[in-house]
Amino acid sequence: MNSSDIRQSFLKFFEDRNHEVVESSPVVPQNDPTLLFTNAGMNQFKDLLLGNEVRDYKRAASSQKCIRAGGKHNDLDEVGKDGRHLTFFEMLGNWSFGDYYKRDAIVWAWDYILNVLKFDPAVLYVTVHHSDEDSLKIWRDEVGVEPDRILKLGDKDNFWSMGPTGPCGPCTEIHIDLHPEAGAFDFVEGYDDDRVIEFWNLVFMESNRNEDGSMEPLPLQSVDTGMGLERVTAVLEGVDSVFHTDIFRPVLQKTADLLGTEVNDWPAFFKTPEFVDYSVIADHVRSVVFSLCDGAKFSNEGTGYVVRRILRRAVRHGRRLGFEGPFMHELVAPLVQKFGDVYPELKAQGEKAAELVRLEEERFFRNIDRGMELFETAAAEAKAAGQTNIGGDKVFDLHTTYGFPPDLTQIMAEEHGLGVDLEEYAKLLNEFRETSKGKDMYATAAGVGDWTTIHEGPSSTFVGYDNLESQTRIMKSRHLEDARYELILEETPFYAESGGQVGDVGQITGKGLTFKVLDTQKSPIGIVHSVELTNGTVTDENIQGVFHAHVDEEARRLTISNHTATHLLHAALRDIVSDQVFQAGSLVSPDKLRFDFSHGEPLTDEQVDAIETRVNQQIREGHEVVAHQDVDRETAVEEMGAMAIFGEKYGDKVRVVEIPGESVELCGGTHVQNTADINLFRITSEAGVAAGIRRIEAVTNETAFATFQSDKDLVQTLSRMLKTEPARLMERIEGLQAERGELEKQVQKLSAKLASADSADLVDEATEIEGVKVIAKQINADTRDQLLQYADQLRSKMDEGVVLLASEIDGKAALLCLVTDSAFKNRKLKAGDLINEAASYVEGRGGGRPTLAQAGGTKLDGIHASVDNFPQIVRSALGA
């Protein structure tokens with residue numbers, strides 16, 4: 001039986017016993033904030049177990065997607081260390097909701113194991129909770145398990161709970177002896193759990209654990225069982241590791257194919273040191289892809305952060321295997337092919353998930369080499385100083401600058417026999433988070449502290465939708481430093497920053513005082529105006545009068561042009577690119593607009609042009625912009641079709657901004673009265689800012705006209721420099737590019753001839769170590785391409801050989817190591833291992849394929865030592 005046969009037989013067995021076969025719930029919980037991931041089959045039945053929900057069945061069975069990589073159930077650090085632990089796995093389970101209980105659950109489990117899976121009872125063992133006499137008697141007296149094969153254990157082993165709160169109860173577990181040929185043993189506490197492994201857990205849900213830790217009886221006594229498909233498959237296929245089963249074979253094969261590694265003997269392949277890296281990748285790609293297909297997104301918090309950590313751990317293991325660029329996205333297709341029929345969401349979302357993985361990989365690969373270099377330096381410094389830990393400052397730098405999660409750094413440190421100072425790291429991270437928040441102007445804004453109350457009564461009535469001026473009073477003030485103050489007004493025309501629109505600027509004048517308004521923000525006690533006193537001296541008397549608040553009309557005019565343009569842009573994106581696009585953030589200021597939106601790939605030039613044309617068409621047509629105040633939120637969304645904006649919170653009453661026939665959005669910002677007031681719209685850039693998130697920056701009105709003038713000036717300047725007419729500028733540039741291309745070809749030909757001539761001399765000068773020709777030489781090369789040309793020439797002239805070429809390129813040490821195919825296959829020499837040894841002399845690190853690797857370093861005067869010591873590095877690798 002393979003994994004598919006086992007899954008199907010399990011569901012059929014319980015369907016025949018009147019169980020409803022239920023589809024797996026998403027691996028990302030939809031309505032349970034207590035969980036990062038679905039970690040057990042019972043998660044979707046939580047309300048049933050609590051008695052809060054009634055369904056039309058009392059028995060159920062399913063194959064549930066699970067991830068255990070965060071919280072109480074976390075196997076992330078164990079993957080690859082043995083053949084049992086996984087972050088993603090399938091849980092085969094059967095449930096009873098107030099129907100059958102312990103006897104039927106135990107008897108049916110034994111029936112399935114013996115009569116369907118055909119397990120030998122002589123290799124099976126059972127554990128029960130020390131207080132569960134009922135289960136003990138059923139196993140011993142009814143099923144017939146010998147007493148010496150039944151073991152009582154405590155809460156740690158035989159009491160199950162979903163999380164810190166929720167349903168829980170005692171459990172009984174079924175174990176199997178993987179190596180009975182090793183002889184008899186005593187099944188007592190402390191038994192060898194590498195030899196005897198648990199594969200089916202039967203939980204008897206009796207209690208609900210409250211937040212204070214207290215327990216109360218559940219309204220129903222229920223059964224919740226779980227059997228790991230991967231472990232059972234390993235047992236039936238007669239292998240010691242879940243990674244040796246058919247479940248993982250397609251992904252392992254694809255990974256090997258991408259590396260150019262032929263796998264002709266799988267058992268031998270499983271024993272190679274590199275198989276740990278293959279295993280981690282094969283597990284982690286399942287967690288990442290299933291999460292993304294169930295709605296997760298890479299992020300810096302919560303579920304998305306854990307998914308990002310899992311991917312980056314996998315990338316690091318891929319780097320160890322020799323991958324120099326994104327590769328995990330290539331593993332999505334075999335995963336979909338293997339599981340798509342069982343979990344159709346993989347077929348539906350697989351391509352999108354692959355693209356999100358590729359984008360995330362690219363981000364990490366841009367930094368991984370620099371991060372590895374920093375880590376290696378930190379590890380070497382710690383060892384040299386006789387320290388046992390890598391400093392928390394280095395862990396912090398790796399995390400915040402290079403994207404290395406601290407647990408990844410910890411694993412790398414362990415491989416060097418070192419720990420990490422997580423306490424210092426946590427301290428620095430907390431300081432960083434506090435600093436990055438900037439000045440918290442509302443820290444004491446609870447109506448007390450250093451705020452001075454000038455007038456009692458209501459404040460912060462916003463009148464700025466219809467008026468840019470207002471006669472008002474200062475209700476509260478706070479002196480910050482020098483001429484800087486913060487003011488809260490009775491009523492204000494100044495828009496406070498919200499929804500991406502920046503706060504208004506302007507002036508507040510009166511009683512011989514002039515305040516320049518620098519910014520306007522919301523706070524818990526009202527709208528705060530950050531101001532600078534530019535005229536007069538504040539006294540207790542003159543701050544109490546009536547003041548004139550006046551918004552900067554030009555800044556507001558430009559801001560509202562950009563804001564309305566974002567609504568037109570959003571509508572154009574959904575119409576031209578995809579109706580699945582949603583707004584993921586924005587910035588609207590007087591000088592530009594920025595619009596972030598969900599999309600997995602760059603826009604084409606044609607799409608950008610079409611969007612720009614569509615927005616300008618709406619501007620030329622002069623549509624009235626209508627603001628509907630105090631609309632019921634339900635009416636706005638369901639009847640008017642208004643779109644809510646990502647990240648914004650709305651009350652029961654909302655404001656709806658409508659551009660008839662084009663756009664309807666919930667929006668509290670300020671807008672033009674007619675789209676014609678925008679005058680002109682121009683996109684200045686389109687780029688990615690995060691996995692699955694793109695950003696458009698654009699300008700409107702005078703700023704847009706200015707960009708056209710700037711482009712015109714640039715064209716005229718280039719035409720003068722290239723001595724041609726503007727109309728023939730492209731023709732001139734294409735001619736220059738063609739000339740340059742020809743010159744580069746000539747340089748390459750000359751370099752190739754030189755390399756060919758020099759390579760012959762280098763081969764003649766090669767030393768021989770244990771039958772392997774070894775060349776180590778510093779050469780003059782201007783680019784890494786020239787180093788590669790030398791390497792290609794040498795490869796063609798050598799049979800079993802190893803080469804190290806070194807040069808100074810762009811002010812840094814550049815190393816290249818070549819291992820011929822025969823030296824790799826017959827002598828097990830790997831270019832990546834050799835070059836990292838050589839790179840230590842130039843304070844660098846590198847990587848690549850087993851037959852070709854490159855490295856860089858900052859220590860130029862170490863090049864000679866690298867070359868001189870290379871023969872000894874090869875000698876050591878050969879064991880000579």
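Look above for the structure.
Residues numbered from 1 in each chain as written. Predicted model: local features only at pLDDT ≥ 70, side-chain atom pairs only at ≥ 80, totals over all residues. Heavy atoms only, no water.

Asks: For this particular structure, what's the right way to read the overall build of the protein chain?
Replies: Of the regular secondary structure elements, the protein chain holds 24 helices and 35 strands. Taking the principal axes of its C-alpha atoms as reference, the protein chain extends roughly 100 × 85 × 55 Å. Taken over 880 residues, the protein chain has a buried fraction of 50%. Long-range contacts, defined here as pairs at least 24 residues apart, represent 68% of the contacts in the protein chain between residues at least 6 apart. Looking at the protein chain as shown, the accessible area adds up to about 41000 Å², and 46% of this sits on carbon and sulfur atoms. (Helix = DSSP H or I, 4+ residues; strand = E, 2+ residues; numbered from the N terminus. Buried < 20%, exposed > 50% of the residue type's maximum accessible area, 1.4 Å probe, protein only. Contact = heavy atoms within 4.5 Å. Areas by Shrake-Rupley, 256 points an atom, 1.4 Å probe, with all protein chains shown as cover.)

Asks: Please clarify how the sheet that holds strand β34 (residues 844–849) should be interpreted in this entry.
Replies: Whenever strands of a sheet pair, they do so through backbone hydrogen bonds, lying parallel or antiparallel. If you trace the 6 strands from one edge of the open sheet to the other, you get β30-β31-β32-β33-β35-β34, paired in mixed fashion. Edge strands, defined here as strands with exactly one partner in the open sheet, are β30 (767–769) and β34. The average angle at which neighbouring strand axes cross in this sheet is 20°, direction not considered. Pairing analysis gives 6 bridges linking strand β33 (residues 812–819) to strand β35 (residues 852–857), with the strands arranged antiparallel. Of the residues in β35, the one forming a bridge with L815 is A855. Contacts from helix α21 (residues 784–797) reach β31 (772–778), β32 (801–809), β33 and β35, with the element oriented near 25° to β33. Together, β30, β31, β32 and β33 form the strand contacts of helix α24 (residues 863–878), whose direction differs from that of β31 by roughly 165°. (Pairing = 2+ DSSP bridges. Axes fitted to C-alpha atoms, helices over the stretch in contact; angles between N-to-C directions.)

Asks: How do you make sense of the packing of helix α7 (residues 249–259) against helix α9 (residues 275–293) when you look at a structure like this?
Replies: In a packed pair of helices, the relevant descriptors are the angle between the two axes and the axis-to-axis distance. Closest axis-to-axis distance for the α7/α9 pair is 10 Å, and the angle between their directions is 120°. With respect to each other, α7 and α9 are oriented oblique. Helix-helix and strand crossings are classified by hand; for α7 and α9 the assignment is right-handed. Residue-level inspection shows V251, L252, T255, A256 and L259 of α7 in contact with α9, the latter providing F275, Y278, I281, A282 and V285. (Parallel < 35°, antiparallel > 145°, perpendicular 65-115°, else oblique. Left-handed = near helix turned anticlockwise from the far one by under 90°.)

Asks: Help me understand empty space enclosed by the protein in this model?
Replies: Empty space among the atoms becomes visible once a probe the size of a water molecule is rolled across them. According to the stated counting rule, one finds 1 cavity of 30 Å³ or more in the structure shown. The space that makes up the largest cavity amounts to roughly 60 Å³. Looking at the largest cavity, the residues that line it are G83, R84, L178, I197, R231, A234, V235, V239, D240, S241 and V242. Among the elements that make up the lining of the largest cavity, the one with the highest residue count is helix α6 (residues 229–236) (3 residues). (1 Å grid on protein atoms, 1.4 Å probe; cavity = no way out; pocket = protein on both sides within 12 Å on 5 of 7 lines; lining within 4 Å. Points joined across faces, edges and corners; volume = space filled by probe spheres on them.)

Asks: Help me understand the side chain of N701, please; the structure alone is not making it clear to me.
Replies: Residue position: N701 is located in helix α19 (residues 701–721). Accessibility expressed as a relative area gives 2% for N701, which makes it buried. Polar contacts involving the side chain of N701 include one to the side chain of N679, which spans 2.5 Å. The contact partners of N701, leaving out residues within four places of it in the chain, are R557, L558, S561, D677, I678, N679 and L680. (Polar contact = N/O pair within 3.5 Å; in protein donor to acceptor, adjacent residues only side chain to side chain.)

Asks: It is not clear to me how the sheet that holds strand β26 (residues 653–659) should be interpreted in this structure. Could you clarify?
Replies: One open sheet holds the 3 strands; their spatial order is β25-β26-β27, and the pairing between them is antiparallel. Of all the strands in the sheet, just β25 (626–632) and β27 (663–666) have a single pairing partner and so form its edges. Sheet twist, expressed as the mean angle between neighbouring strand axes with direction ignored, is 25°. Both β26 and β27 contribute to a ladder of 4 bridges, which runs antiparallel. Within β27, the residue paired with V656 across the bridge is L666.

Asks: What am I meant to see in the environment of G226 here?
Replies: Tracing the sequence through the fold places G226 in strand β11 (residues 215–228). A residue is classified by how much of its surface remains accessible, and G226, at 12% relative accessible area, is buried. On a C-alpha basis, the gap between G226 and E381 in space is 48 Å, while along the polypeptide they are 155 residues apart. If we ignore the near neighbours within four places in the chain, the residues touching G226 are M91, L92, F199, W200 and N201.

Asks: Please explain unusual backbone geometry as it appears in this structure.
Replies: In this structure, D482 takes a positive phi of about 45° despite not being glycine. Mapped onto the secondary structure, D482 falls in the loop between β16 (469–481) and β17 (484–489). The residue D810 is not glycine, and still its phi comes out positive at about 55°. Judged by relative accessible area, D810 falls into the exposed class, the value being 74%.

Asks: I keep staring at α19 and nothing clicks. Help me out?
Replies: Each α-helix winds once per 3.6 residues, and so residues spaced three or four apart point in a common direction. Counted at 1.5 Å a residue, the expected span for α19 with its 21 residues is 30 Å, and the 31 Å between its end C-alpha atoms agrees. Once α19 ends, the next one or two residues include K723, with phi positive near 55°. (Expected span 1.5 Å × (residues − 1).)

Asks: Just to check I follow, could you spell out the packing of aromatic side chains for this structure?
Replies: Think of a pair of aromatic rings as described by two things: how far the centres are apart, and how the planes are tilted against each other in angle. As enumerated under the stated definition, the model contains 29 aromatic pairs in all. Residues F13 and F14 carry aromatic rings whose centres are separated by 5.0 Å and whose planes lie at 75° to one another, so their mutual orientation is edge-to-face. Between F45 and F97, the ring centres sit 5.1 Å apart and the planes meet at 50°, which makes this aromatic pair tilted. Of this pair, F45 sits in the loop between β1 (20–21) and α2 (46–50) while F97 sits in strand β5 (residues 88–97), and the two are 52 residues apart along the sequence. Relative accessible area serves as the criterion here: at 0%, F45 is assigned to the buried category. Taken together, the ring pairs in this structure connect F10, F13, F14, Y112 and W200 into an aromatic cluster. One cation-aromatic arrangement involves R149 over Y125; the distance from NZ or CZ to the ring centre is 4.6 Å. (Phe/Tyr/Trp six-rings, centres within 6.5 Å; stacked < 30°, edge-to-face > 60°. Lys NZ or Arg CZ within 6 Å of the ring centre and 35° of its normal.)

Asks: Whenever I open this one, the state of the cysteines confuses me. Can you help?
Replies: Linking two cysteines covalently via their sulfur atoms produces the bond known as a disulfide. Evaluated as defined, the whole model comprises 0 disulfides. Summary of cysteine pairing: C66 is not part of a disulfide, and the nearest cysteine sulfur, belonging to C171, is at 16 Å. Looking at C66, the relative accessible area reads 0%, which means it is buried. For C168, which is in no disulfide, the shortest distance to another cysteine sulfur is to C171 and amounts to 11 Å. Owing to a relative accessible area of 0%, C168 belongs among the buried residues under this scheme. (Disulfide = S-S within 2.5 Å.)

Asks: Explain the packing of helix α10 (residues 302–321) against helix α14 (residues 406–415) to me, please; I cannot follow it from the model alone.
Replies: In contact at an axis separation of 9 Å, α10 and α14 are set at 30° when each is read in the N-to-C sense. Our classification of the angle between α10 and α14 gives roughly parallel. Across the interface between the two elements, Y305, R309, R312, R313, R316 and R320 of α10 pack against P406, D407, L408, I411, M412 and E415 of α14. Looking at the contact of α10 with α14 residue by residue, the class counts come to 5 nonpolar, no polar and 7 charged. (Nonpolar A, V, L, I, M, F, W, Y, C, P; charged D, E, K, R; others polar.)

Asks: Where do I start with helix α1 (residues 3–15) in this structure?
Replies: With 13 residues, α1 extends 18 Å from end C-alpha to end C-alpha; this agrees with the ideal 18 Å at 1.5 Å per step. Of all the residues in α1, the buried ones are S3, I6, R7, S9, F10, L11, F13 and F14. For α1, the side-chain oxygen to backbone nitrogen distance between the N-cap and S4 is 3.1 Å, and the N-cap itself is N2.

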